[in-house]
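Examining the three-dimensional arrangement
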Amino acid sequence: MTFLCVAAAAYLCQPYSHWDEYEARLSAWVARGAAGQAGVLIFPEYASLELISLLPPALWDDVQAQREPLQTFLPAFLELHARLARQYGVYVLAGSFPVEAAAGHFVNRAHFFGPDGQAGFQDKLVMTRFEAEEWSIGSGEGVKVFDTEYGKLGVNICYDAEFPDFARQQAAAGIEVLLIPSFSGSAHGYTRVRVGGMARALENQIYAVHAPCLADAPWSYAIETAVGAVAIYAPADNGLPESGIVAAGDFNVPDWLIHDLDLSLIREVRRSGHVLNARDQVWAQRQAAGPVVAVPFKASTNETQP
């Protein structure tokens, strides 16, 4: 497969009064993404948390207490995404969900659904301070790669994209496209994930697809504010944009970004680019494994001062 059409969502969370409203809205989003001929649809980190609005209002601001009741929506949430993936013949990365993976242990899990009914997931591996300190969300299972009809895809959930080792492992396992669903409560956080995504694309000579959650939700402490702009990044090399930005949406504007990714460009850059980052990472790691040499660089205290 040479071309992959992706649809990345800048998805705006909103409150609902009934599950049917959520189902209708999500169905409309998937239908619109599929109508753009996308084969892979990416929803953002924690886009599922608009379901907090279906909990009793007393729980809306209690991030600890709402975790367990949210599990009641999980079976219907999974069934809905699986059904839409089959109905439209697409792969869908669902908005991540705080799943109780073991008794009392909650993880931030992004479920991935195939058009043939297959399903998998990628957990977030490094938690933000809010997740760890206020919400008690913990690290989940390790790094995964999804082998699809379009080739191998990887997922780094938000903060995970700021650490090079995860994407490096996935690239070594053959991914050509990295999906980065994110939730950033400020422009600072959005920039950190954006820069991380661009760095992962550069280092591994892959595409990185950044799908941010948007929110203006004073009714929920967990998703009170979220900002960002959807974008696709690539290594700045032959045949690819010199800016490293393949396509981008407007800041804080909810919409799909639908774009064809030419995988042959990535493959050619890996073979004969101006630089060969993916290949040279092995050499760089070996160099970095050696001892750090401290070089004294201070003026002697015995020198005669003028």
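Treat the numbers as computed from the prediction; the structure is a model and nothing was measured.

**Some remarks on the layout of surface pockets**
- Estimated volume of the largest pocket: approximately 430 Å³.
- Looking at the largest pocket, it is lined by 24 residues, and the ones nearest its centre are Thr 128, Phe 130, Phe 183, Ser 184 and Gly 185.
- Taken together, the elements giving at least two residues each to the lining of the largest pocket come down to helix H4 (129-135) and helix H6 (187-204).
- The leading source of residues in the lining of the largest pocket is H4, at four residues.
- Taken together, the residues that form the lining of the largest pocket break down as 11 nonpolar, six polar and seven charged.

**Points about empty space enclosed by the protein**
- Tallied over the entire structure, the rule returns two cavities of 30 Å³ or more.
- Taken as a whole, the largest cavity spans an internal volume of roughly 40 Å³.
- In this structure, the largest cavity is lined by Tyr 11, Tyr 22, Leu 26, Phe 43, Ala 47, Ser 48, Glu 50, Phe 77, His 81 and Gly 95.
- Among the secondary structure elements, those contributing two or more residues to the lining of the largest cavity are helix H1 (19-35) and helix H3 (74-88).
- For the lining of the second largest cavity, a count of residues per class yields four nonpolar, three polar and one charged.

**Observations concerning the side chain of Lys 124**
- Tracing the backbone shows Lys 124 in the loop between strand E6 (119-123) and H4.
- Relative accessible area serves as the criterion here: at 1%, Lys 124 is assigned to the buried category.
- A distance of 2.9 Å separates a polar atom in the side chain of Lys 124 from a polar atom in the side chain of Glu 131.
- Ignoring any residue separated from it by four or fewer positions in sequence, one finds Lys 124 in contact with Glu 45, Asn 108, Glu 131, Gly 138, Ser 139, Gly 140, Ile 157, Cys 158, Tyr 159 and Asp 160.

**Quick notes on a negative patch on the surface**
- On the surface, a cluster of negative charge is contributed by Asp 61, Asp 62, Asp 216 and Glu 224.
- Relative to the helices and strands, Asp 62 resides in the loop between strand E2 (40-42) and helix H2 (67-70).
- Given a relative accessible area of 34%, Asp 62 falls into the partly exposed group.

**Overview of the packing of helix H5 (residues 164-172) against H6**
- Close contact between H5 and H6 brings their axes to 10 Å; oriented N to C, the two are set at 40°. It follows from the interaxial angle that H5 and H6 lie oblique. Considering how the two elements wind past one another, H5 and H6 form a crossing that is right-handed. Contact residues: H5 offers Pro 164, Ala 167, Arg 168 and Ala 171, while H6 offers Arg 200, Glu 203 and Asn 204.
- For the contact of H5 with H6, the residue count by class is three nonpolar, one polar and three charged.

**With respect to the UniProt feature "domain: CN hydrolase" (unreviewed entry) in the protein chain**
- Within this numbering scheme, the UniProt entry marks residues 4-263 as carrying the feature "domain: CN hydrolase" (unreviewed entry).
- Each end of residues 4-263 is marked by a C-alpha atom, and these two atoms are 7 Å apart; helix forms 27% of the span and strand 30%.

**Describing the nonpolar core**
- In terms of nonpolar packing, the biggest core is built from 51 residues, with Tyr 22 and Phe 43 touching the most fellow members.
- Secondary-structure elements contributing two or more residues to this core are strand E1 (3-12), H1, H3, strand E4 (97-102), strand E5 (105-113) and strand E11 (207-216).
- Not counting chain neighbours up to four residues away, the residues in contact with Phe 43 comprise Ala 9, Tyr 11, Leu 26, Trp 29, Val 30, Val 92, Leu 93, Ala 94, Gly 95, Pro 181, Ala 211 and Trp 256.
- Within the second largest apolar cluster, 44 residues are counted, among which are Val 40, Phe 146, Tyr 150 and Leu 178.

**A word on H6**
- Taking 1.5 Å of rise per residue, the 18 residues of H6 would be expected to cover 26 Å, and the 26 Å separating its terminal C-alpha atoms lies within 8% of that figure.
- Among all positions of H6, only Gly 189, Tyr 190, Val 193, Gly 196, Gly 197, Arg 200, Ala 201 and Asn 204 are buried. On an axial view of H6, the arc spanned by its buried residues comes to 135°, and they lie on one face.
- If you follow the buried residues of H6, they end up packed against H5, strand E10 (177-182), E11, strand E13 (231-233), helix H7 (263-272) and helix H8 (277-288).

Cut-offs used in this document
Residues numbered from 1 in each chain as written. Predicted model: local features only at pLDDT ≥ 70, side-chain atom pairs only at ≥ 80, totals over all residues. Heavy atoms only, no water. 1 Å grid on protein atoms, 1.4 Å probe; cavity = no way out; pocket = protein on both sides within 12 Å on 5 of 7 lines; lining within 4 Å. Points joined across faces, edges and corners; volume = space filled by probe spheres on them. Helix = DSSP H or I, 4+ residues; strand = E, 2+ residues; numbered from the N terminus. Nonpolar A, V, L, I, M, F, W, Y, C, P; charged D, E, K, R; others polar. Buried < 20%, exposed > 50% of the residue type's maximum accessible area, 1.4 Å probe, protein only. Polar contact = N/O pair within 3.5 Å; in protein donor to acceptor, adjacent residues only side chain to side chain. Contact = heavy atoms within 4.5 Å. Patch = residues over 30% accessible without salt bridge, like charges linked within 9 Å, V, L, I, M, F, W, Y side chains within 5 Å. Areas by Shrake-Rupley, 256 points an atom, 1.4 Å probe, with all protein chains shown as cover. Salt bridge = Lys/Arg side-chain N within 4 Å of Asp/Glu carboxyl O. Lys, Arg positive; Asp, Glu negative; His and termini not counted. Charge placed at Lys NZ, Arg CZ, Asp CG, Glu CD. Axes fitted to C-alpha atoms, helices over the stretch in contact; angles between N-to-C directions. Parallel < 35°, antiparallel > 145°, perpendicular 65-115°, else oblique. Left-handed = near helix turned anticlockwise from the far one by under 90°. UniProt positions renumbered as here; feature names shortened; annotations may be inferred. Core = buried A, V, L, I, M, F, W, Y, C linked by side-chain atoms within 4.5 Å. Expected span 1.5 Å × (residues − 1). Arc of directions from axis to C-beta.

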